[in-house]
Amino acid sequence: MSNLSTSDDILACARSLIVAGGYNGFSYADIADVVGIRKASIHHHFPSKVDLVRTLVARYREEAQAGMANLELQISNPLEQLRFYVGYWEACIADASAPFCVCALLASQLPVLPEEVGLEVRAHFRSLSKWLTSVLERGARQGQLRLTSTPRAEAEAFMATVHGAMLTARAYGDPKIFAVVTGPLLERLAPGTIPDLK
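All values derive from a computational prediction rather than experimental measurement. (Residues numbered from 1 in each chain as written. Predicted model: local features only at pLDDT ≥ 70, side-chain atom pairs only at ≥ 80, totals over all residues. Heavy atoms only, no water.)

**A short note on the UniProt feature "DNA-binding region" (unreviewed entry) in the protein**
Right, so step 1: Per the UniProt record, "DNA-binding region" (unreviewed entry) is found at residues 27–46.
Right, so step 2: Along residues 27–46, the helical share is 75% and the strand share 0%, with 12 Å between the first and last C-alpha atoms. (UniProt positions renumbered as here; feature names shortened; annotations may be inferred. Helix = DSSP H or I, 4+ residues; strand = E, 2+ residues; numbered from the N terminus.)

What follows is the structure in structure tokens.
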């Protein structure tokens, strides 16, 4: 096993353990058991749990930024970009490949997280908010989105709704709830539609 793949395996395992049980819900022993290496090997790559989770969140943010940049290249319509973003999470929740945003889960634990990890979590939220704000600004300017507030306020509400929908789906144990919560959000943003209030 190469150093790169061992490091990647450790990060992937830590991510799934955090999503399942939070920051304090796993140890290096748990990772060692899953990955099939000794705890000392984990310490070689990540001297402390803070180093491991800080690296994990920084990489997660970089992957998200790359995904958003790719989305910008693939889809030009702002409403379709938002639909794709929501659809990505809907699929991840439905097939349990990523049932919860690791940064959203860690944000709920900010009061007990080490500061280095908290800084990375906040940076992810700022990055996502910035992208959503730009999509919403562009959509409103092009007449492709109907905003009821400033693009920044709409971006924060959008992000909170998506993360809240993840939490609600988890609380009910029903992945379909995610679309029940996010569907009206997308309908409200689409120009010329009146949300169905049934």
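Okay, back to it.
**Focus: the confidence of the model for the protein**
Right, so step 1: Of all residues in the protein, 95% have pLDDT values of 70 or greater, and the mean over the chain is 93.
Right, so step 2: The element-level mean pLDDT for the protein is lowest in helix α1 (residues 3–21), coming to 90, with helix α7 (residues 115–141) highest at 97. (pLDDT = per-residue confidence, 0-100.)

**With respect to the environment of D9**
Right, so step 1: By the element assignment, D9 lies in helix α1.
Right, so step 2: For the pair D9 and K49, spaced 40 residues apart in sequence, the C-alpha separation works out to 15 Å.

**Brief notes about helix α5 (residues 78–94)**
Right, so step 1: The end-to-end C-alpha distance of α5 is 24 Å, a good match for the 24 Å that 17 residues give at a rise of 1.5 Å each.
Right, so step 2: Along α5, the residues classified as buried are P78, L79, Q81, L82, Y85, V86, W89, C92 and I93.
Right, so step 3: Considering only its buried residues, α5 is in contact with α4 (49–74), α7, α8 (151–172) and α9 (177–189).
Right, so step 4: Where α5 begins, the side chain of N77 points an oxygen toward the backbone nitrogen of L79, at a separation of 2.8 Å. (Expected span 1.5 Å × (residues − 1). Buried < 20%, exposed > 50% of the residue type's maximum accessible area, 1.4 Å probe, protein only. Contact = heavy atoms within 4.5 Å. Polar contact = N/O pair within 3.5 Å; in protein donor to acceptor, adjacent residues only side chain to side chain.)

**Notes on the pattern of salt bridges**
Right, so step 1: Under the defined criterion, the tally for this structure stands at nine salt bridges.
Right, so step 2: R59 serves as the salt-bridge partner of D8, at 2.6 Å between the closest nitrogen and oxygen. Residue D8 is located in helix α1, and its partner R59 is located in helix α4; the two are separated by 51 residues in the primary sequence.
Right, so step 3: Judged by relative accessible area, R59 falls into the partly exposed class, the value being 28%.
Right, so step 4: Residue R138 is joined to E72 by a salt bridge in which the shortest nitrogen-to-oxygen separation is 3.0 Å. Separated by 66 residues along the polypeptide, R138 in helix α7 and E72 in helix α4 bring together distant segments of the chain. (Salt bridge = Lys/Arg side-chain N within 4 Å of Asp/Glu carboxyl O.)

**A look at the nonpolar core**
Right, so step 1: One finds I31, L52, L82, W89, L106, F158 and F178 to be the most contacted residues of the largest nonpolar core, which totals 61 residues.
Right, so step 2: Counting residues per element, the ones that place at least two in this core are α1, α2 (28–35), α4, α5, α6 (102–107), α7, α8 and α9.
Right, so step 3: The greatest single-element share of this core, amounting to eight residues, is contributed by α4.
Right, so step 4: Not counting residues within four places of it along the chain, the set of residues in contact with L106 comprises I18, Y23, V53, V57, L113 and V121. (Core = buried A, V, L, I, M, F, W, Y, C linked by side-chain atoms within 4.5 Å.)

**Details of the packing of aromatic side chains**
Right, so step 1: Summed over the entire model, instances satisfying the criterion amount to three aromatic pairs.
Right, so step 2: With a centroid separation of 5.9 Å and 50 degrees between ring planes, the pair formed by Y85 and W131 is classed as tilted. Of this pair, Y85 sits in helix α5 while W131 sits in helix α7, placing them 46 residues apart in sequence.
Right, so step 3: We classify Y85 as buried; its relative accessible area is 12%.
Right, so step 4: The exposure class assigned to W131 is buried, which follows from its relative accessible area of 8%.
Right, so step 5: For the ring pair Y85 and F158, a centre distance of 6.4 Å and an interplane angle of 40 degrees mean the geometry is tilted. Within this pair, whereas Y85 is found in helix α5, its partner F158 is found in helix α8, the two being separated by 73 residues in sequence.
Right, so step 6: Overall, F158 belongs to the buried group, its relative accessible area being 1%.
Right, so step 7: By way of ring pairs, the aromatic residues Y85, W131 and F158 are connected into one cluster.
Right, so step 8: Over the ring of F26 we find K49; its NZ or CZ atom is 4.3 Å from the centre of that ring. (Phe/Tyr/Trp six-rings, centres within 6.5 Å; stacked < 30°, edge-to-face > 60°. Lys NZ or Arg CZ within 6 Å of the ring centre and 35° of its normal.)

**What to know about the environment of P151**
Right, so step 1: Within the secondary structure, P151 is located in helix α8.
Right, so step 2: Put simply, P151 and K130 are 21 residues apart on the chain and 9.8 Å apart in space, counted from C-alpha to C-alpha.
Right, so step 3: With sequence-adjacent residues up to four places away left out, P151 is seen in contact with T133, L136 and E137.

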